[in-house]
Amino acid sequence: MKVDIKLVNGCWKDFLQHEFSLDYMKDLEDFLKSELVEGKIIYPPLDEVYTAFSLTPLEEVKCCIIGQDPYFLAGLAHGLAFSVKDGVSPPRSLINIYKELESDLGLIKPTGGNLTQWAKSGVFLLNTLLTVEENKAGSHKRKGWEKLTIKVIQELNEKKENVVFLAWGKDAHKVCQYVDLNKHCVIQTSHPSPLGAKKVGKDFDAFLGSNCFSKANKWLERKGVESIDWSLL
């Protein structure tokens, strides 16, 4: 049982098909199948697990935003980090993201939480875990997703140049240690959740007040890359 990648094209499709042939992904597939057989509900739906790969081809990635695991409540997760489906009110982490967009760039806060527009503009919205059991945050840790995420970061690192990585929270900081800073930029902050948005660490700023969006655009412009339109209206 494989999750659906039929809409993935180009380099990501080749990459994922190779990973699916490896033992760790076969073990992950077996785990997901056993969870479903036991009647457990998994988010996002299996045909939406690879939405980020479908909407943002590797060839077009300018920025990678790294989250944790998908939203674990019904009707929210659809395969893009921090994003929710149309008609769903923005969760608290996304509300803080909108606050920073307003503070940093003066952008009006959207009423919805669908970030598909970012994904189609070269912003790769990657979670470190791509599935979760309903009502159980972090329930699919250490099942294989972390290994895939690290390989994705390595693929971006090797195949691309001049990508900005927005690493929000400790899980994102860990996977970004594989990024070559001679080719790319990593901007580390705390996680935008209500518990983490104002935290400051030894090697990262608080998310709120970080100006991470304008910093990302300024770095891209210095490298001759078109900046990102962060507006969602």
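The rules behind these values
Residues numbered from 1 in each chain as written. Predicted model: local features only at pLDDT ≥ 70, side-chain atom pairs only at ≥ 80, totals over all residues. Heavy atoms only, no water. Helix = DSSP H or I, 4+ residues; strand = E, 2+ residues; numbered from the N terminus. Expected span 1.5 Å × (residues − 1). Buried < 20%, exposed > 50% of the residue type's maximum accessible area, 1.4 Å probe, protein only. Contact = heavy atoms within 4.5 Å. Pairing = 2+ DSSP bridges. Salt bridge = Lys/Arg side-chain N within 4 Å of Asp/Glu carboxyl O. Axes fitted to C-alpha atoms, helices over the stretch in contact; angles between N-to-C directions. Left-handed = near helix turned anticlockwise from the far one by under 90°. Nonpolar A, V, L, I, M, F, W, Y, C, P; charged D, E, K, R; others polar.

Colleague: Even after reading the chapter, I still don't get helix 4 (residues 92-105), so can you show me in this structure?
Modeller: Here helix 4 is 14 residues long and its end C-alpha atoms lie 20 Å apart, about the 20 Å a rise of 1.5 Å per residue gives. By the burial criterion, the buried members of helix 4 are S93, L94, N96, I97, Y98, E100, L101 and D104. Where helix 4 is buried, its residues touch helix 5 (116-119), strand 5 (164-168) and helix 8 (212-222). Remark: G106 follows helix 4 within two positions and exhibits a positive phi of approximately 75 degrees.

Colleague: Quick question: what am I supposed to make of the pairing of strand 5 here?
Modeller: Two faces belong to every sheet, and in a regular strand the side chains alternate between them. Of all five residues in strand 5, five are buried; the element is thus mostly enclosed. Residue alternation in strand 5 divides its side chains into two sets, V164, L166 and W168 and F165 and A167, and both sets are buried. Across five bridges, the pairing between strand 5 and strand 6 (residues 185-189) is parallel. Counted as the bridge partner of V164 is C185 from strand 6.

Colleague: Help me out: how do you make sense of the pattern of salt bridges in this one?
Modeller: Side chains bearing opposite charge may pair, as long as their charged atoms lie close to each other. A complete count under the given rule lists eight salt bridges for this structure. Residues K40 and E38 are paired through a salt bridge, measuring 3.5 Å at the closest nitrogen-oxygen approach. Its relative accessible area of 27% is what places K40 among the partly exposed residues. The salt bridge involving K109 is made with E102; its shortest N-O contact spans 3.6 Å. What makes K109 partly exposed here is its relative accessible area of 38%. On the accessibility criterion, E102 (38% relative accessible area) is partly exposed. Taken together, the shared-partner salt bridges connect E35, E38 and K40 into one network.

Colleague: Honestly, the packing of helix 1 (residues 10-20) against helix 6 (residues 145-159) in this entry has me stumped. Any pointers?
Modeller: The relative placement of two packed helices is expressed as an angle between their axes plus a distance between the axes. Close contact between helix 1 and helix 6 brings their axes to 12 Å; oriented N to C, the two are set at 145 degrees. Of the two elements, helix 1 crosses helix 6, and the hand of that crossing is right-handed. Counted together, W12, F15, L16 and E19 of helix 1 and L148, K151, V152, E155 and L156 of helix 6 form the full contact between these two elements. Partitioning the contact of helix 1 with helix 6 into residue classes produces six nonpolar, no polar and three charged.

Colleague: Got a minute to help me understand the sheet that holds strand 3 (residues 123-127) in this structure?
Modeller: Within a beta sheet, neighbouring strands are joined by backbone hydrogen bonds and run either parallel or antiparallel to one another. The four strands are arranged 3-2-5-6 in an open sheet whose pairing can be described as parallel. Two strands bound the open sheet, and with one partner strand each, they are strand 3 and strand 6. Direction aside, neighbouring strands of the sheet carry axes that sit 20 degrees apart on average. With four bridges connecting them, strand 2 (residues 63-67) and strand 5 associate as parallel partners. By the bridge assignment for strand 5, I65 is matched with L166.

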